[in-house]
Structures are given as C-alpha cells and as structure tokens.
Amino acid sequence: MNKLPGLLQRFNSVRFRITMWYAAALAVTLTLFSLLVYNSLAKSLDDNMDKLLAYRAEGVADALETYLETERIEAGKYTAAAAKGGVFYKIAPELVKLHADDPRQASVGLRIMDASGRELENSGRGDAPELPERTLKEARRGNAAYDTIKLDDADGEDLTFRSYATPAAGSGGTAYIVQAYRSTYHTQFALRNLRLMMAALVPLIVLLTGAFGMFFARVALRPVADMARTMRQITAENLGLRLAPPPTRDEIRELADLFNAMLGRLEDSFLSERRFIQ
C-alpha cells in the first residue's frame, strides 16, 4: 500500500505522459503503415495471378484459333473437336503441356472445353474447378471472365482457386473454351504469415520504443529533477542558493536562468527590508 502513491505519482509524471503519447502515435502510424503494405501486397499478388492466368489461357486460345483458321483454309471446314483421332487431339495435349509447364513462370492448370463446357483436355493437375454457368454463357458470347471458385478436398477443407476462362472463336462463334486456373493457397499462406508477423512485430516495436522513450525522457528531464531538489533547499535563510543551469541552450536552461533571476530579486528585497528594520 505504501508503494501505491509512488506508482501513481510516476504514472502522472511528465515523462510517463510524453512516453505514452509517443507510443500511441507510433502504434497508430505503424498500424496504418502495416495495413497499407498488406493491402498493397495482396492487390499486387492478385493482379499478378490474374495476369498470369490470362497470359496462359490467351496463349492457348490464340493457338486454337490459328489451328481453326488453318483447318478452314486447308480443308474448307472445321475438324470436329470431339472426333477421336482428329488433328485436335494431336495438338491439344501439346498446347496444354507447353503453356502449363513454362519453366519461366509459375505453374498453372489448363483445361480445354467445347462450347457446351464438356472437358476435352486437361493439364492433369488434379480436379479442375468447374466453371459457373454464367461464365460459360459469357464465353459463348465471346467474353472472357475471372472467377474465384471454392472446392472441398478429401479432408473436408476448402480449396480456393482463381480461374480465367476465354473463348477460342471459330467462324460459327465460340468453338472452344480455355480455362486457366491456379490455387490461391500460396498467396493466402504468404498473406497469413505477413499478418502474423505484423501482429507480433507492431506491439513489440511499440513496447521497445516506449521503454527506450521512457529512458531518454528521464535523461532529458534529469536537469528538471536536479532543479527541483535545489528548489526544496531554498529558504529565507539561504536565498543566495542558485540553480545550476544545464549546459544546453534550451527551454530548461531558460527556466533555470529566469528562476535564478527571480531569486536574485527576492534576495535583494529581503536584504533591503533587513537594512530598513535595523
């Protein structure tokens, strides 16, 4: 109980309040900066994935359209996509393998479907996420579309895929639909680690900075504590006592000089009064 007043006095001290204000401002600044970094990184990762998927899918679609145009010129008609043993079944696996296994970029899953959405070729990276009906309709109209698709794996956990579907057009409209897809696991894993790191580092930095701030505030305000001890010793019998001004040229030095000047005037007044009485 005897320590409680001392603790309350310490908490009400100037250096404690300065440290708390500084720590609060630092916490707000670091939090805002962390949110900005996190959102910027998340958007950058999402944009890069979308660009990668579009690049892969559009590459296959362009190759298919070139194949269809070549067939039209050479044979005057299109080879049926579902015809077994047709030229399509010779080039489709090579196209999928070529664009899915580009060593210069991250791997993606590729799938080629006919206009009805029936799968014709798959890169073989597990079960491909099925396209929503609205995306199939958009592809038949000749429009590309992005989707975020969730699946349940064998363990009952959610798997999230980012998908891009684009049409490969023939003379009669959409002949094929090319889908590029990639799991968002690595992206979410990186962002989750970043969240955990920020959640741990921001409070730690604030605490460490607050501790250092308390120490430096004590050092900076030490001349004030010395002046307070000297002031307690000044009485009517020793008005000649003066504060020792700090060597710095700052507000504390100015306060010490003003207080010493005031003591000088008080001392002169007391001496004049004593001489008058005597």
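Above this note sits the structure.
What this report covers is the structure whose coordinates are included nearby. (Residues numbered from 1 in each chain as written. Predicted model: local features only at pLDDT ≥ 70, side-chain atom pairs only at ≥ 80, totals over all residues. Heavy atoms only, no water.)

The helix and strand inventory of the protein stands at 7 helices and 5 strands. Beginning at the N terminus, the succession of helices and strands in the protein can be written as α-α-α-β-β-α-β-β-β-α-α-α. Counting every position in the protein, which comprises 278 residues, the buried fraction comes to 32%. For the protein, contacts bridging at least 24 residues in sequence account for 57% of all contacts bridging at least 6. For the protein, the accessible area works out to roughly 18,000 Å², and carbon and sulfur atoms hold 60% of it. (Helix = DSSP H or I, 4+ residues; strand = E, 2+ residues; numbered from the N terminus. Buried < 20%, exposed > 50% of the residue type's maximum accessible area, 1.4 Å probe, protein only. Contact = heavy atoms within 4.5 Å. Areas by Shrake-Rupley, 256 points an atom, 1.4 Å probe, with all protein chains shown as cover.)

Okay, the packing of aromatic side chains next. Counted by the stated rule, this structure contains 4 aromatic pairs. Measuring from centroid to centroid gives 5.4 Å for F215 and F216, while their planes differ by 65°, and the two rings are edge-to-face. Judged by its relative accessible area of 47%, F215 falls in the partly exposed class. Using a relative accessible area of 52% as the deciding quantity, one classes F216 as exposed. (Phe/Tyr/Trp six-rings, centres within 6.5 Å; stacked < 30°, edge-to-face > 60°.)

Structurally, the position occupied by I177 is in strand β5 (residues 173-183). We classify I177 as buried; its relative accessible area is 0%. Spatially, the C-alpha atom of I177 lies 9.2 Å from that of E119, the residues being 58 residues apart in sequence. The residues touching I177, leaving out its near neighbours within four places in the chain, are R111, I112, M113, D114, A115, L131, L136, A139, A165, T166 and P167.

Two faces make up the sheet, and in a regular strand the side chains alternate between them. In terms of strand pairing, strand β1 (residues 109-114) meets strand β2 (residues 119-122) through 3 bridges, oriented antiparallel. Looking across to β2, one finds that M113 is bridged to E119. With antiparallel pairing between neighbouring strands as the criterion, β1 and β2 make up a hairpin whose turn holds 4 residues, including G117 at a positive phi of roughly 100°. (Pairing = 2+ DSSP bridges.)

This paragraph deals with the layout of surface pockets. Counted as a void, the largest pocket has a volume near 420 Å³. Lining of the largest pocket is provided by 12 residues; of these, S13, R15, L221, V224 and A225 occupy positions nearest its centre. If you tally residues by element for the lining of the largest pocket, the top one is helix α6 (residues 222-233), at 6 residues. Of the residues contributing to the lining of the largest pocket, the split by class is 5 nonpolar, 2 polar and 5 charged. (1 Å grid on protein atoms, 1.4 Å probe; cavity = no way out; pocket = protein on both sides within 12 Å on 5 of 7 lines; lining within 4 Å. Points joined across faces, edges and corners; volume = space filled by probe spheres on them. Nonpolar A, V, L, I, M, F, W, Y, C, P; charged D, E, K, R; others polar.)

Taken as a whole and judged by the stated rule, the model has 10 salt bridges. For K43, the salt bridge goes to D47, with nearest N and O atoms at 2.9 Å. One end of the pair is K43 and the other is D47, both in helix α2 (residues 14-75) and 4 residues apart, which spans about a single turn. Under the relative-accessibility criterion, K43 is labelled exposed at 53%. Between R134 and D147 there is a salt bridge, with the nearest N and O atoms lying 3.0 Å from each other. Placement of the pair is R134 in helix α4 (residues 133-140) and D147 in strand β3 (residues 145-152), with a sequence separation of 13 residues. Exposure remark for R134: the relative accessible area of 54% places this residue in the exposed category. The buried category is assigned to D147, whose relative accessible area is 2%. (Salt bridge = Lys/Arg side-chain N within 4 Å of Asp/Glu carboxyl O.)

The next subject is the nonpolar core. L53, V60, L64, Y176 and V178 are the most contacted members of the largest nonpolar core, which has 19 residues in total. Of all elements in the fold, only α2, β1, β4 (158-170) and β5 reach the threshold of two or more residues within this core. Per-element tally for this core: the top contributor is α2, with 10 residues. Apart from residues lying up to four places away in sequence, L53 is in contact with V108, R162, S163, Y164, A180, Y181 and R182. Core analysis: the next-biggest nonpolar cluster, separate from the first, contains 8 residues, M227, I234, F259 and L263 among them. (Core = buried A, V, L, I, M, F, W, Y, C linked by side-chain atoms within 4.5 Å.)

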